[in-house]
Amino acid sequence: MSDFVEQVIAKIRLELGDDDDTIVECVDVSDSVCDGAKLELVVVSPKFEGMPLLKRHRTVNGCLNEYMDQIHALSIKAWTPSQYAKKKQKQQHHEMREGDPALTPSMHASFANKEKPS
C-alpha cells in the first residue's frame with residue numbers, strides 16, 4: 001500500500017471515526033496515462049445513517065480536500081454498516097460472482113479471505 005493511500009485512509013478515519021463499525025478501503029488504480037491518483041474508495045460508517053447518498057459523497061470529498069490536487073479520479077462507495085452487511089451477505093451467497101459493479105476488486109478478495117476489509 002502506498003504512502004498516499006495510507007494518508008487517505010488515515011484522514012477519512014480521523015474525520016469519520018475509528019471505531020469497529022467504520023471501514024475504509026482505498027485501492028489505487030492509477031496508470032501512467034494521467035497525472036494524479038485514481039482511487040476507488042469504500043467507506044462504511046455509522047455516521048451515514050439517515051444521510052442521503054449525495055451528502056455521503058460530499059462528506060468523503062470534504063475529508064479529502066487537502067489531497068484533491070493529487071487526485072485525478074475518485075470512485076466512492078459510501079455505505080452504512082447495515083448496507084455493507086447486506087452487500088457482503090449477498091456477495092457471499094453468490095459465491096464471489098465476478099463483475100458485480102457494487103463491489104471493488106479488492107472487496108472480492110476481502111470477502112474470500114476475512115470478515116472485514118482492512
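Note: the structure precedes this text.
So, how was this worked out
Residues numbered from 1 in each chain as written. Predicted model: local features only at pLDDT ≥ 70, side-chain atom pairs only at ≥ 80, totals over all residues. Heavy atoms only, no water. Core = buried A, V, L, I, M, F, W, Y, C linked by side-chain atoms within 4.5 Å. Buried < 20%, exposed > 50% of the residue type's maximum accessible area, 1.4 Å probe, protein only. Helix = DSSP H or I, 4+ residues; strand = E, 2+ residues; numbered from the N terminus. Contact = heavy atoms within 4.5 Å. Pairing = 2+ DSSP bridges. Right-handed = clockwise from strand over helix to strand, strands pointing away. Arc of directions from axis to C-beta. Phe/Tyr/Trp six-rings, centres within 6.5 Å; stacked < 30°, edge-to-face > 60°. Polar contact = N/O pair within 3.5 Å; in protein donor to acceptor, adjacent residues only side chain to side chain. Expected span 1.5 Å × (residues − 1).

Enquirer: Mind showing me how you'd approach the nonpolar core here?
Expert: Where a protein is soluble and globular, its nonpolar side chains tend to be buried together. By size, the foremost hydrophobic cluster in this structure holds 21 residues, and its most contacted members are Val8, Ile12, Leu39, Leu41, Val43, Val60 and Leu64. For this core, the secondary structure elements donating two or more residues are helix H1 (3-16), strand E1 (23-28), strand E2 (37-44), helix H2 (53-63) and strand E3 (71-79). At six residues, the largest contribution of residues to this core is made by H1. Every residue in contact with isoleucine 12, bar those within four places of it in the chain, is listed here: Gly17, Val24, Leu41, Val43, Val60, Cys63 and Leu64. If you look at the next biggest cluster of nonpolar residues, it comprises five residues, including Ile23, Val44, Trp79 and Tyr84.

Enquirer: Any chance you could explain the pairing of E3 here in plain terms?
Expert: Where E2 and E3 come together, eight bridges link them in parallel fashion. Residue pairing in the sheet places alanine 37 in a bridge with isoleucine 71 of E3. For the crossover from E2 across H2 to E3, the handedness is right-handed.

Enquirer: Any chance you could explain H2 here in plain terms?
Expert: Since the α-helix advances by 3.6 residues per turn, residues separated by three or four positions end up pointing in the same direction. Those residues of H2 not exposed but buried are Arg56, Val60 and Cys63. For H2, the buried positions fall inside an angular range of 55° around the axis, keeping them on one side. Of the exposed residues in H2, the ones pointing more than 90 degrees away from its buried face are Leu54 and Arg58.

Enquirer: Whenever I open this one, the packing of aromatic side chains confuses me. Can you help?
Expert: Remark: the centre distance and the inter-plane angle together describe each pair of aromatic rings, the angle taken between the planes. Inspection of the entire model under this criterion finds two aromatic pairs. With a centroid separation of 5.7 Å and an interplanar angle of 85°, the aromatic rings of phenylalanine 4 and tyrosine 67 are classed as edge-to-face. Remark: tyrosine 67 occurs in the loop between H2 and E3 and phenylalanine 4 occurs in helix H1; sequence separation between them is 63 residues. Tyrosine 67 carries the same exposure label as phenylalanine 4, and that label is buried. Centroid distance tryptophan 79 to tyrosine 84: 6.4 Å. Interplanar angle 35°. Geometry classified as tilted.

Enquirer: Help me understand the side chain of threonine 22, please; the structure alone is not making it clear to me.
Expert: With respect to the helices and strands, threonine 22 occurs in the loop between H1 and E1. On the basis of relative accessible area, threonine 22 is assigned to the buried category, the value being 2%. A polar contact of 2.9 Å, which involves the side chain of threonine 22, links it to the side chain of aspartate 19. Other than its neighbours up to four places away in sequence, threonine 22 contacts Arg13, Leu16, Gly17, Val44, Ser45 and Pro46.

Enquirer: Before we go on, may I ask you to explain H1 in this structure?
Expert: For H1, built from 14 residues, the straight-helix expectation of 20 Å at 1.5 Å per residue is met to within 8% by its first-to-last C-alpha distance of 20 Å. Among the residues making up H1, those that are buried are Phe4, Val5, Val8, Ile9, Lys11, Ile12 and Leu16. On an axial view of H1, the arc spanned by its buried residues comes to 160°, and they lie on one face. Exposed positions of H1 whose direction lies more than 90 degrees from the buried face are Asp3 and Leu14. Looking at the buried positions of H1, the neighbouring elements they touch are E1, E2, H2 and E3. Where H1 ends, the next residue or the one after it, glycine 17, has phi of about 110°, a positive value.

Fair warning: the whole summary comes from geometry, so function is off the table for now.
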